[in-house]
Amino acid sequence: MESGIWVRKVLHDQKTKQEDIVNQMPTFKRGDQPTVAIITAAFAEKLAVDSMIEDKMTYMKYKTGGDSHVYTLGYIGEHKVVSTKLPQIGRTRAAKISSGNITTRLLGTFSNIDHVFLVGCGGGVPHYTDFYHHTRLGDVVVSSLNENGAMYIYCDKVTQDREDQLQYTLKTWKPNNPIIQDIVQNFKEKNDTNPSFRPWDELVIEGMEQLQNQQADFSRPAPHTDKLYMNVGGSDVIEVAHPPIPDDASAWFPTDRPNLRLGSIGSGKPVIGKDQLRLDFAYRHNIIAYDTEFDQVLDSICGNVIESFIFIRGISDYYDGSKNKEWTPYASLAAAAVMKTFISNLPNTQLKD
C-alpha cells in the first residue's frame, strides 16, 4: 500500500465490509463533527470499543517510517464519536513522544471534541484483607478524584528523606469539567441502591456476540485463572486467597460479571516494577488501578484545552494491565461496555447550538 494513502472501510454487518482508497479524510460540517474521542492502546481494546459504535466507518492512513493513523467514526447515543489506537504506549522515550503526538493530531483533526474517554486495560491494586477495597480481574475501574483532588497520579521520582521515609515526586491531572464524573457517580449511587441496576452487563453480552469471530476470545476466563500473589520479601511470592465477599454484599458483587469500582489511576516507572513501592504509592494516594503511563497523552489533552476526560480500565492483571493476556480481551470489552453506558447518557450540548 502506498504511504500517505487513506483507506476507508465501511462495516455494513458482521460479514460485509466496503473498502475504498480516498485521498484525504472527508471534511465534516459542524453538526456532523465528532464530539467524543476514545483513545485505546491495544488491538483488543480498539476492537472492543468499536463493537460499541453504531453506523461505523474506519479510515486508515499507512505511513512508511512513522506512525500510521486509524480513525473509526460512528455513533453512541447522541454523540458522533471517533476512536483511535495509539501505535505505542509505555515508558520509552519514543513511546511517550508518539502517544503525545498522535493525541495532538487526533484533537487537531477533529476540532469539535468536547470529551475524551481513555478506555482499555489496567492493573488492579490488591487489598489482601479488605474486600471493599479489593479489585478483581474483570472489574472495571472508573477514574475519580482522590482526597487531594487528583484523578490520575504519575510518579516521576522516588527519594528518601533524612528520616529514611519515601517521598514521591508527582504529576497529577483532573478534568476542569466534571460532567462525566457526575454521570458516573449517579450510576454508582443507583447501583449501590439497586444491585440489579447494571446496564453494562447487557452491553458486554452484545459485544461478545459481535466479536465472536475475532481471533481473540472475548469471553470471560474461568474463575480459577484469577490468581492473587503476595510478595514476602525480595523476589519471593506466595499465592494467597482473595478476601471473601461478605454475605450482605454478595448481591452487589456477582463473581461472574464486571463490577464497577471508582478511584484514582496511577502510573510511573519508579514504582510500577517493585511490589512494595507499587502498593505503598497506591495506598498513600487512594489509587485502585495502574496503567502503562498516559502522562504524555494527558498533557496533550489538557494542552488542547479539553476540559472533560475520564479513564475507564478493565482489570486484566495486578500489575499495570500489560501482563495477563488471557484476561485482556474480556477486560477490554467490560471497559468498553461501561464506556458506552456513560456516553449514552452524556448530553450533547452542540446539538443545542
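The rules behind these values
- Residues numbered from 1 in each chain as written.
- Predicted model: local features only at pLDDT ≥ 70, side-chain atom pairs only at ≥ 80, totals over all residues.
- Heavy atoms only, no water.
- 1 Å grid on protein atoms, 1.4 Å probe; cavity = no way out; pocket = protein on both sides within 12 Å on 5 of 7 lines; lining within 4 Å.
- Points joined across faces, edges and corners; volume = space filled by probe spheres on them.
- Helix = DSSP H or I, 4+ residues; strand = E, 2+ residues; numbered from the N terminus.
- Nonpolar A, V, L, I, M, F, W, Y, C, P; charged D, E, K, R; others polar.
- Core = buried A, V, L, I, M, F, W, Y, C linked by side-chain atoms within 4.5 Å.
- Buried < 20%, exposed > 50% of the residue type's maximum accessible area, 1.4 Å probe, protein only.
- Contact = heavy atoms within 4.5 Å.
- Phe/Tyr/Trp six-rings, centres within 6.5 Å; stacked < 30°, edge-to-face > 60°.
- Lys NZ or Arg CZ within 6 Å of the ring centre and 35° of its normal.
- Pairing = 2+ DSSP bridges.

**Q** Just to check I follow, could you spell out the layout of surface pockets for this structure?
**A** To find leftover empty space, a probe the size of one water molecule is rolled over the atoms. What the second largest pocket holds in volume is close to 410 Å³. Looking at the lining of the second largest pocket, the elements that each hand over two or more residues are β11 (228-233) and α6 (275-285). Broken down by element, the residue count for the lining of the second largest pocket peaks at four residues, all from β11. Here the residues of the lining of the second largest pocket sort into 10 nonpolar, three polar and five charged.

**Q** How should the nonpolar core be read in this particular structure?
**A** Where a protein is soluble and globular, its nonpolar side chains tend to be buried together. If you look at the biggest cluster of nonpolar residues, it comprises 75 residues, and the most contacted ones within it are Ile38, Val116, Phe117, Ile312, Met339 and Phe342. Considering every element that reaches this core, the biggest residue donor is helix α8 (residues 328-343), with 10 residues. Not counting the four nearest positions on each side in its chain, valine 116 is found in contact with Ala37, Ile39, Leu107, Ile301, Ile306, Ser308, Phe309 and Ile310.

**Q** Where do I start with the packing of aromatic side chains in this structure?
**A** Aromatic rings in a pair are described by how distant their centres are and how their planes are angled relative to each other. This model, assessed by the stated rule, comprises 11 aromatic pairs. Between phenylalanine 187 and phenylalanine 197, the aromatic rings sit 5.4 Å apart at their centres with planes inclined by 40 degrees, giving tilted as the arrangement. Of this pair, phenylalanine 187 sits in helix α3 (residues 179-193) while phenylalanine 197 sits in the loop between α3 and α4 (199-210), placing them 10 residues apart in sequence. With a relative accessible area of 6%, phenylalanine 187 lands in the buried category. Grouping aromatic residues by their ring pairs yields a cluster made of Tyr152, Trp173, Phe294 and Phe311. Note that lysine 190 overlies the ring of phenylalanine 187, its terminal NZ or CZ placed 5.9 Å from the centroid.

**Q** So what exactly am I meant to see when it comes to the pairing of strand β3 (residues 36-40) here?
**A** Most of β3 is tucked away: five of the five residues are buried. Neither face of β3 is open: one carries Val36, Ile38 and Thr40, the other Ala37 and Ile39, and all of them are buried. Two elements, β3 and strand β6 (residues 79-85), share five bridges in a ladder whose sense is parallel. Bridge pairing links threonine 40 to lysine 85 in β6. As paired elements, β3 and strand β7 (residues 115-124) share four bridges and run parallel to each other. Its bridge partner being in β7, valine 36 is matched across the sheet by histidine 115.

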